[in-house]
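Close look at the chain arrangement
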Amino acid sequence: YAWWLHLKWQQAFGEALTEGALWPSWVGTVHGGWGAPVFVYYPPLAYYVLAGIAAVGVNAVVLVKTFVSLCLFLLAVATYLVLRRSCGARIAALAS
């Protein structure tokens, strides 16, 4: 999984917030410095949460890796819960 990409996006989002942008949309540190309109296409709610946590001094690498791991874990749990109803617990556990 490309956690390093989310790390770059998170850092750029946090910098834009500290510069006064309320809805950052441009990430200038990707694509060799050409930038990209990342937050026009990706919903920024998670990056607002991460920026708030990073503002109190949490290491950005640890923060993003933990957040991505938590999201993947919750995805597996949700997959299990959805499939358990239609396929049974054994198949749901195997699929998730």
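Notes on the structure in this doc start here. (Residues numbered from 1 in each chain as written. Predicted model: local features only at pLDDT ≥ 70, side-chain atom pairs only at ≥ 80, totals over all residues. Heavy atoms only, no water.)

**Concerning the overall build of the protein**
In plain terms, the rule: Starting at the N terminus, helices and strands are each numbered in turn, a helix being any DSSP run of H or I of at least four residues and a strand any DSSP run of E of at least two. Radius of gyration: over C-alpha atoms. The globule rule applied is 2.2 Å multiplied by the number of residues raised to the 0.38 power. Each residue is assigned to one of three classes by its accessible area relative to the maximum for its type, calculated with a 1.4 Å probe on protein chains only: buried under 20%, partly exposed between the two thresholds, exposed over 50%. For this analysis, residues touch if any pair of their heavy atoms sits within 4.5 Å. Values of accessible area rely on a 1.4 Å probe in the Shrake-Rupley scheme; residue burial ignores everything except the protein chains shown.
Each helix and strand in the protein was counted, giving five helices and zero strands. The secondary structure elements of the protein, listed N-terminal to C-terminal, are α-α-α-α-α. The C-alpha atoms of the protein give a radius of gyration of 17 Å, which is well past the 12 Å a tight globule of 96 residues would have. Projected onto its principal axes, the C-alpha positions of the protein cover 50 × 30 × 20 Å. A buried classification covers 25% of the 96 residues belonging to the protein. Here the contacts in the protein between residues at least 6 apart in sequence split such that 42% fall between residues at least 24 apart. For the protein, the computed accessible surface area is about 6,700 Å², with 69% contributed by carbon and sulfur atoms.

**Description of the nonpolar core**
Here is the rule: Put simply, buried Ala, Val, Leu, Ile, Met, Phe, Trp, Tyr and Cys residues joined by side-chain atoms within 4.5 Å make one nonpolar core.
Trp9, Ala12, Phe13, Val27, Val30, Ala36, Val38, Phe39, Tyr47, Leu50, Ala51 and Leu63 together form the largest nonpolar core, which totals 12 residues. Of all the secondary-structure elements, those providing two or more residues to this core are α1 (3-18), α2 (38-41) and α3 (45-54). Not counting residues within four places of it along the chain, the set of residues in contact with Phe39 comprises Trp9, Phe13, Trp23, Pro24, Ser25, Val27, Pro44 and Tyr47.

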